[in-house]
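Letter by letter, the chains look like this.
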Amino acid sequence: DGGITQSPKYLFRKEGQNVTLSCEQNLNHDAMYWYRQDPGQGLRLIYYSQIVNDFQKGDIAEGYSVSREKKESFPLTVTSAQKNPTAFYLCASIYSQGAGKETQYFGPGTRLLVL
Amino acid sequence: GESVGLHLPTLSVQEGDNSIINCAYSNSASDYFIWYKQESGKGPQFIIDIRSNMDKRQGQRVTVLLNKTVKHLSLQIAATQPGDSAVYFCAENPPGNTPLVFGKGTRLSVIA
């Protein structure tokens, strides 16, 4: 069963704690993305990676970090510097960014809540 | 303090009627456009796409229209059903090696 998986579905963070959200894809896609979605709002780009061992900041990268050690995996860490982390986090991937005319696919999302 | 975001625009339609959801895109050089449907608590799902060399494309019960002159994209849903209730996003592919740019979204509410 191919696609993008995100885990966990729900994640709770204590104040001052770093938490890591998982994103895995078996679509052989080069580019992967992390978005944040607040209630009733659109998608905001946090980080993206076009190739293994390389990534770029999106519009709201502060308080977040990522790694891309494997093509299939693009974990997102929400650090304690992110003061308002409660949101729905979406991972996405595309075969190759910049090639154009290719559909970007999304995972099911992780909802992060602060205790 | 916490910023207050804008609420999504909402379109309410009667079951069985046709729905038209509009989107204004920003870059006149964008060459590819996608519509996504997002149900509550789920990730966005691909509905239909269109390339800039076309002005209309039809799928099953959905049609996308592209007007490059005014940078406008629309999604038409025929015979709207309760299962069509969701938030709909448009996305454009700008020139160069940059990520997709997403619109703010429209919430479609189907009245049975």
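As the structure is a prediction and not an experimental result, all values here were calculated from the model.

1. Quick word on the pairing of strand β5 (residues 43-51) of chain A
Residue and element names in this part refer to chain A.
Logical step 1: Alignment of strand β4 (residues 31-37) against β5, held across 6 bridges, turns out to be antiparallel. The residue of β5 that forms the bridge with Met32 is Ser49.
Logical step 2: Hairpin connection of β4 to β5: 5 residues between the antiparallel strands, including Gly40 at a positive phi of 70 degrees.
Logical step 3: Where β5 folds back on strand β6 (residues 54-57), the antiparallel hairpin that results is connected by 2 residues, among which Asn53 adopts a positive phi of roughly 65 degrees.

2. Quick look at the sheet that holds strand β3 (residues 19-25) of chain A
Residue and element names in this part refer to chain A.
Logical step 1: Taking strand neighbours across the sheet as the criterion, the 4 strands line up as β1-β3-β8-β7 in an open arrangement whose pairing is antiparallel. Every other strand in the sheet has two partners, leaving β1 (4-7) and β7 (64-66) as the edge strands with one partner each. Across the sheet, the axes of successive neighbouring strands diverge by a mean angle of 20 degrees, strand direction being ignored.
Logical step 2: Pairing geometry for β7 and strand β8 (residues 76-78), over 3 bridges, is antiparallel. Paired with Ser65 across the two strands is Thr77, which belongs to β8.

3. Some thoughts on a nonpolar patch on the surface
Logical step 1: A contiguous nonpolar surface patch, about 360 Å² in accessible area, is contributed by A:Tyr10, A:Phe12 and A:Leu115.
Logical step 2: Note that A:Leu115 resides in the segment after β11 (110-114).

4. Some words on the interface of chain B and chain A
Logical step 1: Between chain B and chain A, the contact holds 27 residues from the first and 24 residues from the second.
Logical step 2: At the boundary of chain B with chain A, total buried surface from both sides reaches about 1,900 Å², with 55% on carbon and sulfur atoms.
Logical step 3: On the chain B side of the interface with chain A, the three residues burying the most area are B:Asn97, B:Pro99 and B:Phe102, jointly 25% of the side's total.
Logical step 4: The interface formed by chain B and chain A contains 0 salt bridges.
Logical step 5: Where chain B meets chain A, there are 5 residue pairs in polar contact (both at pLDDT 80 or more).
Logical step 6: Top contributing element to the side of chain B that touches chain A by residue count: strand β3 (residues 32-38) of chain B, with 4 residues.
Logical step 7: Classifying every residue of the side of chain B that touches chain A by side-chain character gives 11 nonpolar, 9 polar and 7 charged.

5. So, the side chain of B:Asp49
Logical step 1: Summarising the element assignment, B:Asp49 is placed in strand β4 (residues 45-51).
Logical step 2: At 2.6 Å, the side chain of B:Asp49 and the side chain of B:Tyr32 are in polar contact.
Logical step 3: A distance of 2.2 Å separates a polar atom in the side chain of B:Asp49 from a polar atom in the side chain of B:Arg57.
Logical step 4: Those residues in contact with B:Asp49, other than ones at most four positions away along the chain, are A:Thr103, B:Tyr32, B:Phe33, B:Ile34, B:Arg57 and B:Val64.

The rules behind the values
- Residues numbered from 1 in each chain as written.
- Chains lettered and ligands numbered in written order.
- Predicted model: local features only at pLDDT ≥ 70, side-chain atom pairs only at ≥ 80, totals over all residues.
- Heavy atoms only, no water.
- Pairing = 2+ DSSP bridges.
- Helix = DSSP H or I, 4+ residues; strand = E, 2+ residues; numbered from the N terminus.
- Axes fitted to C-alpha atoms, helices over the stretch in contact; angles between N-to-C directions.
- Patch = residues over 30% accessible without salt bridge, like charges linked within 9 Å, V, L, I, M, F, W, Y side chains within 5 Å.
- Areas by Shrake-Rupley, 256 points an atom, 1.4 Å probe, with all protein chains shown as cover.
- Salt bridge = Lys/Arg side-chain N within 4 Å of Asp/Glu carboxyl O.
- Contact = heavy atoms within 4.5 Å.
- Buried area = accessible area lost by both parts, 1.4 Å probe.
- Polar contact = N/O pair within 3.5 Å; in protein donor to acceptor, adjacent residues only side chain to side chain.
- Nonpolar A, V, L, I, M, F, W, Y, C, P; charged D, E, K, R; others polar.

Coordinates in, geometry out; function isn't part of it.
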